Structure formats: structure tokens, C-alpha cells
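Close look at the chain arrangement
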Amino acid sequence: MKKLNKYYMLIASLAVCFSTFTSCHDDIYHLINEEVRLEEKGIFGDITTGTRFSKDGKTQLFIANGKVFAKDITKDSTEDFNSTGLYNEHWKKVINPEDQNSPFYSKEVNFLAADANYIYALATSWKENLNGNNVIVKREIFYSQNGTEWTLIPSTVFGYDESDFFNCVLIFSNEALNPADLNDGSNRNAYIKLIGSKLASDYAPENKSASIFKLNGSDAPVEIPKDTNNCSSSTCKAVYFKGQDYFFDYTSAAAGPDYIYFNSKNKTVVHYANAWTKEKGYYITGKDKDGEAAQDKGAILTLAVTKDYLLMGTTSGIQHTVLSADGQPNAGTSKFSTNASTSLSASYYVFNIFVRDPSMEEEKTDLYGTTTIHGSLSSTSISGLFKECGLWAYYPSRGTWNKDGTADTKTFPAGN
């Protein structure tokens, strides 16, 4: 049965691959025509999550694709390049599930989050059942003060008996930034979503709804009451805006200096607001409702803010729309002047976009984005055809997007 399942996975992956083969390779040929030579080294696969972690004046960006990688982004790429002569190869692998000496051995890291003091990782263990299907048998939360040395937080800390299944759905951060000091993480909070925790104020054995808690290192987390700035059992995202954390039921939300931007049931519309009440929901002060800017390319999966553009990861690649001087987004998307649309192209889903300095114009700050082929069981299924799935980076002094990864030449692909 196991071999048969792997055979069907291969067939499914091939079917998806061939359906997207032409458009994928058209994009690559377009890059060649633009004289953008693709980097050979790059972090590869379905990157599910990322967060920045700032401590002691140093900031690292962490991403996870089962493994975990980190990059020091305390300085911008120009300073790094001047000291090393390289834009690429600055990432380090900090969690390797293949390392038998690692607490993450044979586990898969699915989510990351960080607060002012710690970075957290949610690890999943899988097992093949009698039907030949892989099922989750354990979830665990680890924390670290530096991103390299990790300690398990017992599930009992989160309100579970040792014999209980630790039903942790996900962890996430508010991604707070101090524009005056990008390496100040003092306003950053990390949250965890739990089902069946005895710490929940509405706990009952039959209650299957989720509760949101603020992580607190190895100490018990603190529950966030429902209806606190839109917090609910469906919450999966938080953003920091004007001194408070606001919560969303969708992963596509981001905050700028003037507005919070978010998506809702209509996946092609960007909403924006600067206030929230339980009675009104999100709204613009003086208007009693939120603003809307309909977009025209793909369902929105994630949002990121720069000074002049709102970046959107969509089901049709990366897109962006102009922001007015007071932060209001235009309706409809704009063309890129860089090679963004041929790198993180319409052939891919873009689930993650990271902006190093949101106070800067889009083309004047370091940017990171991830690509995944939707419909594949894993972008690692067939490495030859899915090798462009993974991490991409834009560096202003280079002026183009390209693959980004480690200096490791022993992995396949290299840099992973």
C-alpha cells in the first residue's frame, strides 16, 4: 500500500507539473531574455511560515519548509555585499530534522513565531497508518533564545494532561516593527491557537472550539478574551497597529503607519481601516466602515507594506498596487519595473512576502518572497521540475529578484 500511495503521489505531481510546465518555463526563458542569471543555490520547497526575531540589537529572519533557516538581517543587503561580495548564500540551516542529535529529529517544523524574548517552533511528527496514509501523531512546541538551541515546552504547560493529544493548531506573531529602530523587537508578541486546553475560560470536554493565547516562554500562556480587537476562535493572524494587536480570521493582513490592510471572504478585495469596535468591526474613523480596493489578479494570500506599494502574494504570483501618500491602496494592480512578475510569477502561489524596512519605497529595501505550485502534494515531489519553488529575494543595489539560500553545496538542490 505504501508503494502504491507513493506511485499515485508521483502521478498526481506529474499531472500538475505538466499542466504548468509551459508557463513555468516561459517565465524562466523570459528571465534569460532579461539577462537575469538564476542563482544555482537556493532554499527549496514549500515554505510554510516565516518570522523575524530581534534581540540584543540583532535581527534574524527565520523561515521553515520542514527544516528551519535563518538569516541575519540586522544590516541591509548593501552592507552585507560590501563585506562578503555576495547577495546570496547568507542563510544558515538552524533546524535539520535529519540530524539524529537534534530535538527535531524525524519531525517537521510547520510554523514559527517570535516575541521580544523568544522564538518558537511548532513541530509535527507523522506516522503511516494501516491504510498507508501519513497521519499526525504528535505536535510539540519548542522555544529558543537564539534560534539555535531549542527546548521543548511540555504540553502540560498549555493545559493538557500528559495522556492528552496536544491539539495545537498553529502559532503566529504580530510582526511588530519600530520604524525608528528595525532591530527593536520590544513590541513583538507571539500567539498560539489551542483546542481543548484546560486553560481556556470556556473549557469543557465536549467544546471543540479554539482559543487564542499569548505565548510566554516556558511559562503558561495568557488567554486573549474573545472579542478583544476581533479575536475569535477562527483567528489565525495578528498585526500590530498604533500600540495594539489586532486579530484576523485570514492570513492576509498587514499594518502600515496609517491603515491596517486585510482580506476577507472576497479574496480579490483589499480592505483597509484604522479602528475597530465590536459593534462596527473594522472601520475608518469618521466613515463608520472600512475602505475597499478591488484587485484584478488572483485571490490574495498574504499582504506586505512598503512606503509606496502594497505587495500581495496571490494565487497568480506576486502583485502590487500603489499606495497614496496617506496610505490608501488603489483599485487594480500595477506593473512591476523589476523582474518580480517573472520570478514570483502567475505560475505560482505566493504565500509569504517579507519586507525588511516597510518605511522605504519598494525598490529601495530588501524583499523576500516564496513560491509554491498549488495542486502538488509537495513542491519537492519532482525536484527537476519544481526546483524554482522556494525562496526568492530582491536586493536594491542588485535591482533584480533571484533565488536565495545557503552556501551549502552538498544538498540537492544546492543552497537548501
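For the structure itself, consult the block above.
Glancing now at the packing of aromatic side chains. A complete count under the given rule lists 22 aromatic pairs for this structure. Both rings, one in Phe262 and one in Tyr282, keep their centres 5.1 Å apart while their planes meet at 45 degrees; by these two values the pair is tilted. Residue Phe262 is found in strand E16 (residues 260–262), and its partner Tyr282 is found in strand E19 (residues 281–283); the two are separated by 20 residues along the sequence. Of the two residues examined, Phe262 and Tyr282, each falls in the buried class.

Attention shifts here to the sheet that holds strand E24 (residues 353–355). If you trace the four strands from one edge of the open sheet to the other, you get E24-E25-E26-E27, paired in antiparallel fashion. Among the strands making up the open sheet, the edge pair consists of E24 and strand E27 (401–403). Direction aside, the axes of adjacent strands within the sheet are offset by 25 degrees on average. As judged from the five bridges shared by strand E25 (residues 367–371) and strand E26 (residues 390–394), these two strands associate in the antiparallel manner. Bridge assignment links Thr371 to a residue of E26, and that residue is Gly390.

A word on the layout of surface pockets. Of the pockets and cavities examined, the second largest pocket occupies roughly 250 Å³. As for the second largest pocket, its lining consists of 13 residues, and the residues nearest its centre are Lys138, Arg139, Glu140, Ser155 and Phe166. When contributions to the lining of the second largest pocket are tallied by element, the ones reaching two or more residues are strand E7 (134–144) and strand E8 (151–153). Class assignment for the residues of the lining of the second largest pocket results in six nonpolar, two polar and five charged.

Turning to a nonpolar patch on the surface, a few remarks are in order. A cluster of nonpolar side chains, Trp126, Ile136 and Phe165, forms an exposed patch at the surface whose accessible area comes to about 270 Å². Relative to the elements of secondary structure, Ile136 occurs in strand E7. Taking the relative accessible area as the measure of exposure, Ile136 reaches 31% and is therefore partly exposed.

Of all the six residues making up strand E22 (residues 309–314), five are buried; the element is thus mostly covered by neighbouring parts of the structure. Of the pairings in the sheet, the one linking strand E21 (residues 300–305) to E22 comprises five bridges and is antiparallel in character. Pairing of Leu303 across the sheet is with Met312, part of E22. Connecting E21 to the antiparallel partner E22 that follows it, the hairpin turn spans three residues. With six bridges joining them, E22 and strand E23 (residues 317–322) adopt antiparallel strand pairing. Across the sheet, residue Gly313 finds its bridge partner in E23, namely Ile318.

Before going further, it helps to spend a moment on the nonpolar core. Counting residues in each nonpolar core, the largest one holds 18 residues, and the members touching the most others are Ile141, Phe158, Phe166, Cys168, Ile171, Ile192 and Leu194. Elements with a contribution of two residues or more to this core: strand E6 (119–128), E7, strand E9 (168–173), strand E10 (190–195) and strand E11 (210–216). No other element matches the three residues that E10 contributes to this core. Dropping the residues within four chain positions of it, Phe158 is found in contact with Ile141, Ile153, Phe166, Ile192, Leu194, Ser197, Leu199, Leu215 and Pro221. Counting residues in each nonpolar core, the second largest holds 16 residues, with Ala64, Ala70, Ala114 and Phe142 among its members.

Rules used throughout
Residues numbered from 1 in each chain as written. Predicted model: local features only at pLDDT ≥ 70, side-chain atom pairs only at ≥ 80, totals over all residues. Heavy atoms only, no water. Phe/Tyr/Trp six-rings, centres within 6.5 Å; stacked < 30°, edge-to-face > 60°. Helix = DSSP H or I, 4+ residues; strand = E, 2+ residues; numbered from the N terminus. Buried < 20%, exposed > 50% of the residue type's maximum accessible area, 1.4 Å probe, protein only. Pairing = 2+ DSSP bridges. Axes fitted to C-alpha atoms, helices over the stretch in contact; angles between N-to-C directions. 1 Å grid on protein atoms, 1.4 Å probe; cavity = no way out; pocket = protein on both sides within 12 Å on 5 of 7 lines; lining within 4 Å. Points joined across faces, edges and corners; volume = space filled by probe spheres on them. Nonpolar A, V, L, I, M, F, W, Y, C, P; charged D, E, K, R; others polar. Patch = residues over 30% accessible without salt bridge, like charges linked within 9 Å, V, L, I, M, F, W, Y side chains within 5 Å. Areas by Shrake-Rupley, 256 points an atom, 1.4 Å probe, with all protein chains shown as cover. Salt bridge = Lys/Arg side-chain N within 4 Å of Asp/Glu carboxyl O. Core = buried A, V, L, I, M, F, W, Y, C linked by side-chain atoms within 4.5 Å. Contact = heavy atoms within 4.5 Å.

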